[in-house]
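Architecture and fold: a report
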Amino acid sequence: MDSTLLGDEALDAIALLREAPERTCVLSDFDGTLAPIVDDPASSVPLPGAMEVLHRLARRFTSVAVVSGRPAAFLAAALGVGSGASRLGAYGLYGAERVGPDGEVVIDPETEEWAASVTAAADELRDVVPPGVVIERKRTAATVHWRSAPEHELVALDLARGAADRHGLELRTGRMSAELVPAHAMDKGAVVHMLASEARAACFLGDDAGDVPAFRALAELSRTAGTKVVRVAVASRESPPALLGEADVVLDGPKAALAFLERLAAEP
Ligand SMILES: [Mg+2]
């Protein structure tokens, strides 16, 4: 563990979260938070040690889960969710899919109704996006990535917006990407609210615009239920201002996020 990556604010937050693990939720994003961002989203892997520390946390804290825009099955495979190692949970597609400790994927039926629209939009986009722009297909979402062709950002965004409009989908922007999701799809805030509403304390670690709703759900729990909350921004040159502005703790990249979790999981 590299504690030099953690400042006083991070250490204070960890102390707060360690006061009562049996009533504390530890929730985190995946890409850009536990896994360094890579050009090809299919080849993304968590930092070495990230999976192990999540399982260690899940054996002590009341609820530990990864909440991501990725498919839940991808998260489960990347992090060993459902392997029997712990009760670590995975929430995919912003909560529309979930993998429990038994490894079974549960899909929100309302979201499932949008699968055909998403397929049609993704197929259309595949035919028209400029070279280097990648369409990542998920069951009920499709992501347009321009990390490998940043010069095509405006064109890609425009095409994504057009396809979303034509198929009644919502467009969510992220780090060098935009995602088409069902209208009124769940966001990470809904997942945080569901998991943390009974907790004494809760934290969420995230790096992107899609994590801001999670921060806001924590802020609301703090206001309405007195929950002790820690919003951790995992910063990069691409950090959206809202994420940094609403964070209690700002960490420098996934390695610092891993150090934060390792310190949190350390034996008393
Ligand atoms: Mg992320």
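This report concerns the structure included in the present document. (Residues numbered from 1 in each chain as written. Predicted model: local features only at pLDDT ≥ 70, side-chain atom pairs only at ≥ 80, totals over all residues. Heavy atoms only, no water.)

It is worth spelling out the coordination of the magnesium ion at this point. Coordination sphere of the magnesium ion, protein contribution only: Asp29 (OD), Asp31 (O) and Asp207 (OD), at 2.1 Å. All donors of the magnesium ion come from a single chain, and their spacing in sequence reads D-x1-D-x175-D. Here Asp31, found in the loop between strand S1 (24–28) and helix H2 (50–60), pairs with Asp207, found in the loop between strand S10 (201–206) and helix H8 (212–225); they are 176 residues apart in sequence, far enough to count as distant. No difference in accessibility class separates Asp31 from Asp207, as the two residues are buried. (Donors = N, O, S within 2.8 Å, 3.2 Å for Na, K, Ca; no water. Helix = DSSP H or I, 4+ residues; strand = E, 2+ residues; numbered from the N terminus. Buried < 20%, exposed > 50% of the residue type's maximum accessible area, 1.4 Å probe, protein only.)

Let us now look at the nonpolar core. Residues Leu251, Phe260, Leu261 and Leu264 are the most contacted members of the largest nonpolar core, which totals 43 residues. The set of elements that each furnish at least two residues to this core consists of helix H1 (8–17), H2, strand S2 (63–67), helix H3 (72–79), S10, strand S11 (228–235), strand S12 (249–252) and helix H10 (253–265). In terms of residue count, the dominant contributor to this core is H10 (eight residues). If near-sequence neighbours (up to four positions away) are discounted, Leu251 is found in contact with Leu5, Leu6, Ala10, Val232, Ala233, Val234, Ala235, Ala256, Ala257 and Phe260. Core analysis: the second largest hydrophobic core is formed by 22 residues, Val67, Val192, Ala202 and Ala217 among them. (Core = buried A, V, L, I, M, F, W, Y, C linked by side-chain atoms within 4.5 Å. Contact = heavy atoms within 4.5 Å.)

Even without being a glycine, Tyr94 presents a positive backbone phi close to 60 degrees. You can see Tyr94 is positioned in the loop between strand S3 (89–92) and strand S4 (97–99). By relative accessible area, which is 12% here, Tyr94 ends up buried.

What follows concerns the pattern of salt bridges. This structure, assessed with the given rule, holds 16 salt bridges. The salt bridge involving Glu238 is made with Arg147; its shortest N-O contact spans 2.9 Å. Highlighted residues: Glu238 in the loop between S11 and helix H9 (241–245) and Arg147 in the loop between strand S7 (141–145) and helix H6 (153–166), separated in sequence by 91 residues. Exposure remark for Arg147: the relative accessible area of 18% places this residue in the buried category. Each of Arg147, Arg175, Asp207 and Glu238 takes part in a single network of salt bridges with overlapping partners. (Salt bridge = Lys/Arg side-chain N within 4 Å of Asp/Glu carboxyl O.)

This part covers the sheet that holds S7. In space, the four strands of this open sheet follow the order S6-S7-S9-S8, with antiparallel pairing throughout. A single partner strand is all that each edge strand has here, and the edge strands are strand S6 (134–138) and strand S8 (169–174). The sheet shows a mean angle of 20 degrees between the axes of neighbouring strands, taken without regard to direction. Two strands pair when backbone bridges link them, and S7 and strand S9 (residues 177–182) are joined in this way by four bridges, in the antiparallel orientation. Along S9, the bridge assignment pairs Val144 with Ala178. Contacts from helix H5 (residues 115–128) reach S6, S7, S8 and S9 within the one sheet, and its direction differs from that of S6 by about 165 degrees. Contacts from H6 reach S7, S8 and S9, with the element oriented near 155 degrees to S8. (Pairing = 2+ DSSP bridges. Axes fitted to C-alpha atoms, helices over the stretch in contact; angles between N-to-C directions.)

So, on to empty space enclosed by the protein. Tallied over the full model, the rule gives one cavity of 30 Å³ or more. Taken as a whole, the largest cavity holds about 40 Å³ of empty space. Lining the largest cavity, in full, are Leu93, Tyr94, Ala96, Thr111, Thr140, Ala141, Val181, Pro182, Ala185 and Met186. (1 Å grid on protein atoms, 1.4 Å probe; cavity = no way out; pocket = protein on both sides within 12 Å on 5 of 7 lines; lining within 4 Å. Points joined across faces, edges and corners; volume = space filled by probe spheres on them.)

By secondary structure assignment, the location of Leu261 is in helix H10. Residue class for Leu261 comes out buried when judged on its relative accessible area of 0%. Between the C-alpha atoms of Leu261 and Ala122, which are 139 residues apart in sequence, the distance is 36 Å. Excluding its chain neighbours within four sequence positions, the residues that come into contact with Leu261 are Val26, Leu34, Val53, Leu54, Leu57 and Leu205.

The contact between H5 and H6 brings their axes to 10 Å, and the two run at 150 degrees. For the element pair H5 / H6, the angle class is roughly antiparallel. Seen from above, H5 lies across H6 with right-handed handedness. For the pair formed by H5 and H6, the contact residues are Ala121, Glu124, Leu125 and Val128 on the first element and Leu159, Ala160, Ala163 and Arg166 on the second. Taken together, the residues of the contact of H5 with H6 break down into six nonpolar, no polar and two charged. (Parallel < 35°, antiparallel > 145°, perpendicular 65-115°, else oblique. Left-handed = near helix turned anticlockwise from the far one by under 90°. Nonpolar A, V, L, I, M, F, W, Y, C, P; charged D, E, K, R; others polar.)

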